[in-house]
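What follows is each chain in one-letter form.
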Amino acid sequence: MHAQQLDQLAAEVSAAGISRPELESLLYQLSGQQRRLFLRLVRGPADTVAIRRECSVGNISECAIALNEKLAAAGDPRRVVCEVQPHVNAYGEQGKLGTWRLVGGRGELVAA
């Protein structure tokens, strides 16, 4: 489906209260976890803890890989990426925490 066709279809279903990202998740045949991850990241970046809490996604990496495959198959240039950052836990120990983002085809952030 071309972007122009998607724009027209999105305009037609907006009267039914369906957003463009929700429509895309239907057209791309995303699983429940993939759909929730996609809809969350369209709103902006989120860390691993927030995604697990807000989206009930257990293995975010696995879900992101499958979501990226479906985006690519649909010709959508966006991809889910994870940037790992240092983190100090409640016990003062060093660890790492991922921040997940939806980026465009050349790595630019597409959701603020």
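The structure presented is a predicted model; accordingly, all values stated were derived computationally and were not measured.

A. Looking closely at the side chain of Q34. For Q34, the position within the fold is in helix 3 (residues 32–42). Owing to a relative accessible area of 7%, Q34 belongs among the buried residues under this scheme. A distance of 3.0 Å separates polar atoms of two side chains, one belonging to Q34 and the other to K70. For Q34, the residues in contact, after removing those within four places along its chain, are Q29, C63, A66, L67 and K70.

B. Here's a closer look at the nonpolar core. Ranked by internal contacts, the top residues of the largest apolar core, which has 19 residues, are L37, F38, L41, I51, L67, V80 and W100. For this core, the secondary structure elements donating two or more residues are helix 3, helix 4 (48–55), helix 5 (60–73) and strand 3 (94–103). In terms of residue count, the dominant contributor to this core is helix 5 (5 residues). Those residues in contact with I51 that sit more than four places away from it in its chain are L37, L41, A46, S56, V57, I60 and W100.

C. Fine view of the pairing of strand 2 (residues 79–88). The sheet contact formed by strand 2 and strand 3 spans 10 bridges and is antiparallel. Within strand 3, the position partnered with C82 by the bridge is W100. Counting the residues that bridge the hairpin from strand 2 to strand 3 gives 5 residues, and of these G92 lies at a positive phi of roughly 80 degrees.

D. Expanded view of the sheet that holds strand 3. Pairing within the open sheet is antiparallel, and its 3 strands lie in the order 1-3-2. Looking at strand neighbours, the two that pair on one side only are strand 1 (46–47) and strand 2, the edges of this open sheet. Note: strand 1 against strand 3, 2 bridges, orientation antiparallel. When the bridges of strand 3 are listed, A46 appears paired with W100.

Analysis parameters
Residues numbered from 1 in each chain as written. Predicted model: local features only at pLDDT ≥ 70, side-chain atom pairs only at ≥ 80, totals over all residues. Heavy atoms only, no water. Helix = DSSP H or I, 4+ residues; strand = E, 2+ residues; numbered from the N terminus. Buried < 20%, exposed > 50% of the residue type's maximum accessible area, 1.4 Å probe, protein only. Polar contact = N/O pair within 3.5 Å; in protein donor to acceptor, adjacent residues only side chain to side chain. Contact = heavy atoms within 4.5 Å. Core = buried A, V, L, I, M, F, W, Y, C linked by side-chain atoms within 4.5 Å. Pairing = 2+ DSSP bridges.

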